[in-house]
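# Close look at the chain arrangement
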Amino acid sequence: MNPIYVDLDGTLIKTDLLLEGIIALLKSSWTALFLLPLWLLRGKAYLKDRIARRVSINPALLPYNAELLDYLKEQASSGHKVYLASASHIAYVRPIAEHLGFISGVLASDAQVNLKGNRKAQRILEHANGEAFIYAGDAAADIPVWEHCAEAIVVNAPRRVEEAVRKTGRPVRIFRDRRRPVMYLREFRIHQSSKNLLLFVPAFTSNMYTHVQAMSSLLVLFCAFVMTTSGTYIINDLLDLNSDRQHRTKRLRPLASGEMPISHALVLIVILISAGHIVAATVSVYCALVLFMYMLITLSYSLYLKTVIIVDVIILAFLFTIRVIAGAVAIQVSLSVWLVAFSIFIFLSLALVKRCTELSMLADHGLTSTSGRDYRVSDLPFLNSMGIASAYIAVLVIALYLESPNASRQYQTPQALWLICPLLLYWISRLWIKTARREMSDDPIIYTLKDRTSWYAFLGMFLAWSLAHVKL
């Protein structure tokens, strides 16, 4: 029976091992960014070899093309010998072959040869030793191999590549995943844009919500934050590929599942972050600087700070607060120290809700610690206490503010604002009870947006705030 040679990147697996290796290397040491161009000057084979020497991959976590994998297993069981023929480094290809179990051998790149295009075609011809063979690939670089094979298997290739293969006159078998444009929206995390509504908070606390110019500036800045935060979410997902693939729900994200190619993600990062800063600069240079600071802190969090216990939740709280700061900068108002204090404490509590939820899920699955974060299930009681205390301090900040001269100057009937305190106490206490009962989703913000009771509580707070503007 004809042997089957199978490409790896983009064919058997829905990812690119070179790009995954580069991302893993940069995550472990960002200074490698300066080494990559120097290695590339010595050739792509040398680049792959340097990366493979520094970072490893876990074959069990890779996103495989399930339909093709089942087909190859069936062919192997019927007598066909299946070989991996990949441009990826041998140090990556061999463990994958061992993991799959039915692979008869591997052809791959090493420190001297980048096994791609004509080089791969020549190596396969030598290995097949004149025997007719079947080849599975996905890109234009595979055309030289298809020109010599007896049967072509085309996997998720562009239409022009598919047409070029058909012109060779070989029998063609097509494997195609349906990639829906909605995957981009999922990766952008549009639902997380609700967090950027915090930009409008200073306009309401300073009674500038009726100023058309101020609200227009905030709307433009909101768009800038949406684009930039979407870009940073993609960066975070790239850096968290391995941990996301081990997560109950995050493994379904477009990048972790292989639904979105890493190359597409890299292009989107450049476009979204660049566009976001350009749009922010149209409001003011200072807004662009605040957005840039937000991005730097987010990147620091993704690269390292998320692994430092307690520091990670403090940074998350500050990333919420910086949106409030950006809103004040956009409309050029002084930011109340009361508002900053309230923001830090309430968002610290929400960040701790998220961590406690993750740890509770781990405990339910019999695990003892998080992957990629320095938390243990045994930390739950302390984190719960810390989160509840932070929430109640946030309510105390509001109570102290209501007795300050600021409240009397700003509102006609500041006493009406006291209604906010019991409503906020109810909402945040209920949130923590839901967390203790394992009824909280991964993100408390998303849970709140879907929770009808939370909306009733917020409506009550809004009515109290509105009443405070009326002279009774």
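Summary of the structure given here. Please read all numbers here as calculations on a predicted model, not as lab measurements. (Residues numbered from 1 in each chain as written. Predicted model: local features only at pLDDT ≥ 70, side-chain atom pairs only at ≥ 80, totals over all residues. Heavy atoms only, no water.)

### Section: the layout of surface pockets
Here the largest pocket defines a volume of roughly 1,600 Å³. Counted by class, the lining of the largest pocket contains 33 nonpolar, nine polar and one charged residues. (1 Å grid on protein atoms, 1.4 Å probe; cavity = no way out; pocket = protein on both sides within 12 Å on 5 of 7 lines; lining within 4 Å. Points joined across faces, edges and corners; volume = space filled by probe spheres on them. Nonpolar A, V, L, I, M, F, W, Y, C, P; charged D, E, K, R; others polar.)

### Remarks on the side chain of S88
Residue position: S88 is located in strand 2 (residues 82-89). Within the local environment of S88, its side chain forms a polar contact with the side chain of D9, the two groups lying 2.7 Å apart. Excluding anything up to four places from it in sequence, S88 contacts D9, L17, K48, V93, A108 and S109. (Helix = DSSP H or I, 4+ residues; strand = E, 2+ residues; numbered from the N terminus. Polar contact = N/O pair within 3.5 Å; in protein donor to acceptor, adjacent residues only side chain to side chain. Contact = heavy atoms within 4.5 Å.)

### Brief notes about the nonpolar core
Judged by nonpolar contacts, the single largest core of 74 residues is most densely connected at L221, W427 and I428. Counting only elements with at least two residues in this core, the list comes to helix 11 (212-239), helix 15 (285-303), helix 16 (311-331), helix 17 (337-364), helix 18 (380-402), helix 20 (420-436), helix 21 (444-450) and helix 22 (452-467). No other element matches helix 16, which puts 12 residues into this core. Excluding residues within four positions of it along the chain, I428 makes contact with I346, S349, L350, A391 and Y392. The next biggest cluster of nonpolar side chains, apart from the first, holds 40 residues, and it includes V6, W39, A108 and I153. (Core = buried A, V, L, I, M, F, W, Y, C linked by side-chain atoms within 4.5 Å. Buried < 20%, exposed > 50% of the residue type's maximum accessible area, 1.4 Å probe, protein only.)

### Looking at the environment of I134
Within the secondary structure, I134 sits in strand 4 (residues 134-137). Residue classification places I134 among the buried positions, given a relative accessible area of 5%. Linking I134 and Y71, residues 63 residues apart in sequence, is a C-alpha distance of 13 Å. Excluding its chain neighbours within four sequence positions, the residues that come into contact with I134 are N2, P3, I4, Y5, H80, E151 and I153.

### Concerning helix 16
Relative to the 30 Å expected for 21 residues at 1.5 Å per residue, helix 16 spans 31 Å between its end C-alpha atoms, a close match to the ideal helical length. Burial runs high along helix 16: 16 of the 21 residues are buried. Positioned one or two residues after helix 16, Q332 has a phi angle of 55°, which is positive. (Expected span 1.5 Å × (residues − 1).)

### Structural notes on the side chain of N236
Considering the arrangement of structural elements, one finds N236 in helix 11. Residue classification places N236 among the buried positions, given a relative accessible area of 13%. Engagement of the side chain of N236 in a polar contact is seen with the side chain of K306, the distance being 2.8 Å. Discounting chain neighbours no more than four positions away, the residues touching N236 are S302 and K306.

### Observations regarding a nonpolar patch on the surface
On the surface, W30, L33, F34, L303 and Y304 cluster together to form a nonpolar patch covering roughly 600 Å² of accessible area. Of note, F34 is situated in the loop between helix 1 (17-28) and helix 2 (35-41). Residue classification places F34 among the exposed positions, given a relative accessible area of 55%. (Patch = residues over 30% accessible without salt bridge, like charges linked within 9 Å, V, L, I, M, F, W, Y side chains within 5 Å. Areas by Shrake-Rupley, 256 points an atom, 1.4 Å probe, with all protein chains shown as cover. Salt bridge = Lys/Arg side-chain N within 4 Å of Asp/Glu carboxyl O.)

### Comments concerning unusual backbone geometry
A positive phi angle, near 55°, is found at N129, a position not held by glycine. Tracing the backbone through its elements, the reader meets N129 in the loop between helix 6 (118-128) and strand 4. For N129, a relative accessible area of 68% puts it in the exposed group. Positive phi, close to 50°, is recorded for N156, a residue that is not glycine. Here N156 shows up in the loop between strand 5 (151-155) and helix 8 (159-167). Judged by relative accessible area, N156 falls into the buried class, the value being 16%.

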